[in-house]
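Tertiary structure, described
Okay, here's what each chain looks like letter by letter:
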Amino acid sequence: MRDEFPACRIAPRLLAWHAKHGRHDLPWQQDRTAYRVWVSEIMLQQTQVGTVIPYYQRFMERFPSVVALANAAIDEVLHLWTGLGYYARARNLHRAAVRVRDEFGGEFPTAFEAVAGLPGIGRSTAGAILSLSLGQRHAILDGNVRRVLSRYFGIEGDPARKDIADLLWQRATVCTPEQQADTYNQAMMDLGATVCTRSKPLCAFCPITDDCVARIQGRQNELPSPRKRAERRARHAFMVLAMREDGSVLLRQRPVTGIWGGLWSAPQFETREEVQHFTFWHLQGASAEAEQLPRVEHAFTHFDLSITPLLVRCQGSLGVMDGADGLWYNARQPASVGLPQPVKVLLEQLENS
Ligand code: SF4
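From a predicted model like this one, the values you see are computed outputs, not experimental measurements.

Details of the pattern of salt bridges
- Applying the stated rule across the entire model yields 14 salt bridges.
- Close ionic contact of E222 with R219 constitutes a salt bridge, the shortest N to O distance being 3.2 Å.
- On the accessibility criterion, E222 (47% relative accessible area) is partly exposed.
- With relative accessibility at 16%, the residue R219 sits in the buried group.
- As a salt-bridge pair, K344 and E348 come within 3.7 Å of each other at their nearest N and O atoms. A residue pair is termed a helical-turn pair when its members lie 3 or 4 positions apart in one helix, as K344 and E348 do in helix α14 (residues 341-352) at 4 residues.
- Its relative accessible area of 27% is what places K344 among the partly exposed residues.
- Given a relative accessible area of 41%, E348 falls into the partly exposed group.
- Residues joined in a network through salt bridges with shared partners are R9, R13 and D211.

Dropping the structure here:
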């Protein structure tokens, strides 16, 4: 029963607001194909628009179609993703592209169930892809929309809880208009990103301020209710930067599962004893003393990693590291492989020093 909710009245206001104040010139809004929208939606998960734009443009230049992406080596995909973080997104993007090539003849599917069944695509992302590229009517519930709806309806409770998530999906579905679902969804995302922001929302400029529960009750700062987060842990690791005379540095590919899965990283150890064992047994002509470089801090979703880089000059490896999962990375002629952000920074610092 759509008319039960006052939300049914928000669509016309959102559409009128979007025509004047929405974002219309983002790269993925031009030539809107399902493929282009899909890549943008995945990049925009956990990453700001301003950061995404140059990555998106480079990605599209190299992989202009889903088949081009499917045919690429995963290392090259991760290489273009380096710096965006959350690399599981890139691995899923590649896996999904391979499935689109092999199971759908290279044409991005247009049925909701087929899209939502691809790796890395949940209900909201599937809805966004199909509504933004094809105008299909599907509700979306990304972080921005969740915030707007929680405040507008005054919905309390951890949005990760199933009953709260179900309620939000119900409201999101009811609010989505039969016509112009694409513009409406874009307007909701834009409103959340530019007006109904996490802190200090600009309620005076909001098209639905008149009947917004949070605004009326002055509870903008309380809604949406914060998620219960596990306590952050702190971890420490040593990273060996084994450098040859030509300036190349030894990297190893990390296992596909776990943090930085599939990326290329300097060998990492928990203790100095492990470092000594490694340099003695695996590096040829290694300097006796490792040179300790300034620490690098990196925040993951659930923990903070503090890295102590140790520079070891050597002549090369003793063979074992030159296999398929080891390479000598030369920053002057960099190999097309994905690097974790802190490793990228360390290699750049070494190159510049
Ligand atoms: S009135 Fe304020 S809190 Fe309510 S939806 Fe608009 S910006 Fe968000």
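Some words on α14
- Across its 12 residues, α14 extends 17 Å between first and last C-alpha, which sits within 8% of the 16 Å expected from 1.5 Å per residue.
- Where the residues of α14 are buried, they touch β1 (233-243), β2 (249-253), β3 (264-265), β7 (296-299), β8 (303-313) and β10 (326-329).

Here's the deal with the packing of aromatic side chains
- Under the counting rule described, the total for this entry stands at 10 aromatic pairs.
- Summarising the aromatic geometry, the rings of W38 and F108 are spaced 5.2 Å apart at their centres and angled 45° between planes, so their arrangement reads as tilted. Placement of W38 in helix α2 (residues 34-44) and of F108 in the loop between α6 (88-103) and α7 (112-116) is noted, with a sequence separation of 70 residues between them.
- A residue is classified by how much of its surface remains accessible, and F108, at 11% relative accessible area, is buried.
- Relative to F278, the ring of F269 lies with its centre 5.1 Å away and its plane at 45°, an arrangement referred to as tilted.
- Residue classification places F269 among the buried positions, given a relative accessible area of 12%.
- Grouping aromatic residues by their ring pairs yields a cluster made of Y35, W38 and F108.
- Geometry around W169 places R123 over its ring, the cationic atom sitting 3.7 Å from the centre.

Some points on helix α13 (residues 272-282)
- When we look at burial in α13, the residues that qualify are V275, F278 and T279. Viewed along the axis of α13, the buried residues span an arc of 90°, placing them on a single side of the element. Across α13 from its buried face, at more than 90 degrees, point the exposed residues E273, Q276, F280 and W281.
- Buried residues in α13 make contact with β1, β2, β4 (268-269), β5 (283-284) and β8.

Topic: the confidence of the model for the chain
- Overall, the prediction assigns the chain a mean pLDDT of 92, with 96% of residues at 70 or greater.
- In the model of the chain, strand β9 (residues 316-317) stands out as the element of lowest mean pLDDT, 80, in contrast to helix α4 (residues 66-71), which has the highest, 98.

Section: the nonpolar core
- Formed by 95 residues in total, the largest nonpolar core has its most connected members in W38 and F59.
- The element contributing the most residues to this core is α2, with 7 residues.
- Summarising the domain contributions, this core has at least three residues from each of domain 1 (2-217) and domain 2 (233-352).
- With near-sequence residues (within four places) excluded, W38 lies in contact with V66, L69, L93, A96, A97, F108, I121 and I129.
- Formed by 12 residues, the second largest nonpolar core is a distinct cluster that contains F238, A242, C314 and W328.

Overview of the side chain of H138
- Here H138 shows up in the loop between α8 (123-134) and α9 (143-153).
- At 2.8 Å, the side chain of H138 and the side chain of Q136 are in polar contact.
- When near neighbours in sequence (up to four residues on either side) are disregarded, H138 contacts F112, G127, L130, S131, T176 and N185.

Here we look at the site of the ligand
- Residues in close proximity to the ligand include R151, C196, P201, C203, C206, T209, C212, R215 and Q220, which together make up its full environment.
- Residue classes in the shell around the ligand are distributed as 5 nonpolar, 2 polar and 2 charged.

Focus: the pairing of β1
- Where β1 lies against β8, 11 bridges are found, and the strand directions are parallel. From the neighbouring strand, L241 faces β8, where its bridge partner is L311.

Looking at the domain arrangement of the chain
- As far as domains go, the chain holds domain 1 (2-217) and domain 2 (233-352).
- A separation of 37 Å is found between the C-alpha centroids of domain 1 and domain 2.
- Domain 1 puts 9 residues into the contact, and the matching count from domain 2 is 16 residues.
- Between domain 1 and domain 2 we count 6 residue pairs in polar contact (both at pLDDT 80 or more) in total.
- Ranked by the residues each element gives to the side of domain 1 that touches domain 2, the list is headed by helix α5 (residues 74-81), at 4 residues.
- Tallied by class, the residues present in the side of domain 1 that touches domain 2 amount to 3 nonpolar, 3 polar and 3 charged.

Quick notes on the rules
Residue numbers here run from 1 along each chain, matching the order of that chain's written sequence. Owing to the predicted nature of the model, reporting of local features is limited to residues with pLDDT of at least 70; listing and counting of side-chain atom pairs is limited to 80 or more, with chain, interface and lining totals taken over all residues. Excluding hydrogens and water, the side-chain values take into account all heavy atoms of the structure. Salt bridge, as used here, is a side-chain nitrogen of Lys or Arg placed within 4 Å of a carboxyl oxygen of Asp or Glu. Here's how the labels work: a residue is buried when its accessible area is under 20% of the maximum for its type, exposed when over 50%, partly exposed in between, all with a 1.4 Å probe on protein chains only. Put simply, DSSP H or I for four residues or longer makes a helix, DSSP E for two residues or longer makes a strand, and each gets a number counted from the N terminus. Multiplying 1.5 Å by the residue count of a helix minus one yields the expected span of that helix. Throughout, a contact is declared for two residues whenever any of their heavy atoms are within 4.5 Å. Two rings belonging to Phe, Tyr or Trp (six-membered ring only in the last case) form a pair when the distance between their centres is within 6.5 Å. Interplanar angles under 30 degrees mark stacking, angles over 60 mark edge-to-face geometry, and anything in between is tilted. A ring is scored as having a charge over it whenever the NZ atom of a lysine or the CZ atom of an arginine sits within 6 Å of its centre and within 35 degrees of its normal. In this description, one arc is meant: the one made by directions from the helix axis to the C-beta atoms. One confidence number per residue, pLDDT, is output by the predictor and ranges from 0 to 100. For the purposes of this section, nonpolar cores are sets of buried Ala, Val, Leu, Ile, Met, Phe, Trp, Tyr and Cys residues that join through side-chain atoms within 4.5 Å. Throughout the structure description, domain borders are defined by an automatic or database domain assignment. Polar contacts, as used here, are pairs of N or O atoms within 3.5 Å; protein pairs need one atom able to donate a hydrogen and one able to accept it. Residues neighboring in sequence count only if both atoms are side-chain atoms. We call a residue near a given molecule or strand whenever any one of its heavy atoms falls within 4 Å of it. Throughout this entry, Asp, Glu, Lys and Arg are counted as charged residues, while Ala, Val, Leu, Ile, Met, Phe, Trp, Tyr, Cys and Pro are counted as nonpolar. The remaining residues, Gly among them, count as polar. Paired strands, as defined in this entry, are two strands with at least two bridges between them according to DSSP.

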